[in-house]
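Fold and contact review
This is what each chain is made of:
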Amino acid sequence: MKKILIADEISISGIEYLKSQPEFELLVALDSKPKEIIQQVKDVTAIIVRSETKITAEVITAAPQLVVIGRAGVGIDNIDVETATQRGIIVMNTPAGNTLATTELTFTHMLCSARPITQANSSMNEGKWERQTYAGSELSKKVFGVIGVGRIGGEVVKRAQAFGMQVIAYDPYLTQERALALEVEQVDLDPLFKRADFISIHVPLTDDTRHIIDAKAFEKMKTGVRIINCARGGLIHEKDLIDALKKGKVAAAGLDVFNEEPLSETSELRNTPNLVLTPHLGASTEEAQESIGLEIAKAVTEVLCGGIITNAINMPSIDGRTLKTLQPYLVLGEKLGTILQQISPPQIEKLIVTYWGNIMDLDAMPLTRGIQRGYLLKISGKGVNDVNAPLIMKHLGIEVEIIKSSSESGYTELIRIESISAQGEKYNIEGTLIGTRQQPRVVHVNDRDVEVIPEGKLLLLENKDLPGIVGVLGTILGKDGVNIASMSLSRNDVGGVAMTIFQLDSIPSQKALDKLNVAEAVLNMNLVEL
Ligand code: NAD
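Scope of this entry: the structure provided in the associated data block. Just so it is clear, the model here is predicted, and its values are computed rather than measured.

What counts and what doesn't
Residues numbered from 1 in each chain as written. Predicted model: local features only at pLDDT ≥ 70, side-chain atom pairs only at ≥ 80, totals over all residues. Heavy atoms only, no water. Helix = DSSP H or I, 4+ residues; strand = E, 2+ residues; numbered from the N terminus. Rg over C-alpha atoms; globule rule 2.2 N^0.38 Å. Buried < 20%, exposed > 50% of the residue type's maximum accessible area, 1.4 Å probe, protein only. Contact = heavy atoms within 4.5 Å. Areas by Shrake-Rupley, 256 points an atom, 1.4 Å probe, with all protein chains shown as cover. Lys, Arg positive; Asp, Glu negative; His and termini not counted. Charge placed at Lys NZ, Arg CZ, Asp CG, Glu CD. Near = heavy atom within 4 Å. Polar contact = N/O pair within 3.5 Å; in protein donor to acceptor, adjacent residues only side chain to side chain. Nonpolar A, V, L, I, M, F, W, Y, C, P; charged D, E, K, R; others polar. Disulfide = S-S within 2.5 Å. Expected span 1.5 Å × (residues − 1). Bend = angle between axes of the 7 residues up to and from the residue. Axes fitted to C-alpha atoms, helices over the stretch in contact; angles between N-to-C directions. Parallel < 35°, antiparallel > 145°, perpendicular 65-115°, else oblique. Left-handed = near helix turned anticlockwise from the far one by under 90°. Core = buried A, V, L, I, M, F, W, Y, C linked by side-chain atoms within 4.5 Å. Domains from an automatic or database assignment.

For the rest of this paragraph, the subject is the overall build of the protein chain. Helix and strand counts for the protein chain come out as 17 helices and 22 strands. Taken over C-alpha atoms, the radius of gyration comes to 30 Å for the protein chain, far larger than the 24 Å a tight globule of 530 residues would show. Dimensions along the principal axes, computed over C-alpha positions, put the protein chain at roughly 105 × 55 × 40 Å. Taking all 530 residues of the protein chain together, 50% fall into the buried category. For the protein chain, the proportion of contacts with a sequence separation of at least 24, taken over those separated by at least 6, is 63%. Counting every atom, the protein chain has about 25900 Å² of accessible surface; 50% of that belongs to carbon and sulfur. For the protein chain, the distance from the average position of its 54 positive side-chain charges to the average position of its 67 negative side-chain charges is 2 Å.

Okay, structure coming up:
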């Protein structure tokens, strides 16, 4: 029975869900010391944590059966993702579970920036009655500039529209289709700064987005603009915001996230007027914690049951529908990779993967990982999977290039993989899917036409195109008691070099292989096992 360790507290619904799965044994061990964790993980296939328990390299090494680490929440600072990836362990989190919680906190900040509720409340607590001081502004009919229209940005947009706001958005990755569906006007950053009465940021912190709002941006904005950041500290230049608030350029602002967290007790932000601060409360609702616990429990068990992988940090997620479409290509790609590795020299420098036809419209990332996994199968054995295949390739010094070609290939879909050795020798294989059942076929090997089902044991021979050669080879195999299931013959010129591929029912003895290798017409021979 597969064992799942719950190392940090997750929601009751998450625990109940795991308990209801008969194929898993649950070990709940909260607040364990590092030494205790190392003992607990020795026979577990999954670990679920929040941010408290550290899943270090030592813990990962102590867990030989570990397949997946689930983080209930977003940040993964407590997990050694690199070591997990090297071991082929999936690391997943729950980025969607707190979408609505953060959306609603953003909107709370929006309303608090329009109506000085917190300031009025403090004044009331001091025994005052200041009706003039705390007049506000309405959201209705105001221009709302959203920076980043992903999960949270999209939900914030809907709420702003319900309040009668006119929404403009800046997100270079936002498709026209989604912008239309959300009924937002797509604009560049500068026009957004110029036009907006309220601005809210919902982007990740990257080199592109760091200080996306700074003194220069404030200069472009309307006087009296209101600014919200419930995304990440570092998106707004904090000192510039303080100055803009003090000068009245910014009428009010709300921050849930900071450059440094926890915010220092002496931070100037704490005493800046018209600034409402919350201590990173975006995900802090009962519902979000419930939904995160259940989400990670479902995601982890799905992986352990061989299902789809969602929200993995160290590999691309594939939804069920895409996986179904990709499945036949994944089988084909893996087999092509395994064959190519066995007909290539042991050390290669580069793999060039080219996709034609229907594959052009698919997400090539999982397919390319499958090809790399196939290539590494005989090199790295069972330890290789889609998680660590690209990393192993990198460690072996093999560069992987991907080409999506719109040129005519003669097939509805075609995958070509070429290996290039350090000496510049090139080997290649091409494959396609045949018929309504989408069965994999190898159609070219080293630029020769063949037609081979990539299954079982294949003997690939390059031989001189001489009369009777097939009989000679067949006799050697027959005498060895090896049955030929099928055969493919190909040659470029009459009397030139031919390629013969035998599909065999069993592996020939070394004696028979030696005989084949020295048969007069044989130039080169590879035995491939799939
Ligand atoms: P998401 O990935 O769904 O959306 C991010 C959006 O940002 C995407 O649409 C992307 O296209 C856009 N984007 C990326 N680079 C951009 C750029 N340079 N300019 C403009 N747009 C850009 O993420 P999400 O789940 O909506 O989260 C948004 C932010 O909120 C993240 O920073 C996340 O870490 C943060 N967050 C905070 C809390 C909290 O507790 N305060 C909770 C959850 C998420």
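Still more to cover.
Neighbouring residues of the ligand: 24 residues in total, closest Arg 151, Ile 152, Asp 171, Val 203 and Cys 230. Within the backbone of Arg 151, an N or O atom sits 2.8 Å from an oxygen atom of the ligand. Between the ligand and Asp 171, the relevant distance is 2.6 Å, taken from an oxygen atom to a side-chain nitrogen or oxygen of the residue. For the ligand, the accessible surface in isolation is 860 Å², of which the surrounding protein chains cover 85%. Grouping the amino acids of the shell around the ligand by side-chain chemistry returns eleven nonpolar, eight polar and five charged.

Our next topic: the state of the cysteines. Applying the stated criterion to the full structure yields zero disulfides. Cys 112 takes part in no disulfide bond, and the closest cysteine sulfur to it belongs to Cys 230, at a distance of 10 Å. For Cys 112, a relative accessible area of 14% corresponds to the buried category.

Quick look at helix 14 (residues 364-380) now. Given a rise of 1.5 Å per residue, 17 residues ought to cover 24 Å, and the 23 Å separating the end C-alpha atoms of helix 14 matches this to within 8%. At Gly 374, helix 14 shows its maximal bend, which comes to roughly 30°. Burial runs high along helix 14: twelve of the 17 residues are buried. At the N-terminal end of helix 14, a side-chain oxygen is found 3.1 Å from the backbone nitrogen of Met 365, two or three residues along, and the residue is Asp 363. Within two residues after helix 14, Gly 381 carries a phi angle of roughly 65°, on the positive side.

Where helix 5 (residues 99-114) meets helix 7 (residues 151-162), the closest approach of the two axes is 9 Å, and the angle between their N-to-C directions is 50°. One way to sum up the angle between helix 5 and helix 7 is to call them oblique. Classified by chirality, the crossing of helix 7 by helix 5 is right-handed. Facing Thr 99, Leu 100, Thr 102, Thr 103, Thr 106 and Phe 107 of helix 5, the residues of helix 7 in contact are Arg 151, Ile 152, Glu 155, Val 156, Arg 159 and Ala 160.

Within the secondary structure, Gln 21 sits in the loop between helix 1 (12-19) and strand 2 (24-28). With a relative accessible area of 16%, Gln 21 lands in the buried category. A distance of 3.4 Å separates a polar atom in the side chain of Gln 21 from a polar atom in the side chain of Ser 20.

What follows deals with the nonpolar core. Ile 415, Ile 417 and Val 445 are the most contacted members of the largest nonpolar core, which has 39 residues in total. No other element matches helix 13 (residues 320-343), which puts eight residues into this core. For this core, the domains that each give at least three residues are domain 3 (318-454) and domain 4 (457-530). Counting 32 residues, the second-largest nonpolar core is a separate cluster that includes Val 187, Ile 213, Ala 244 and Leu 275.

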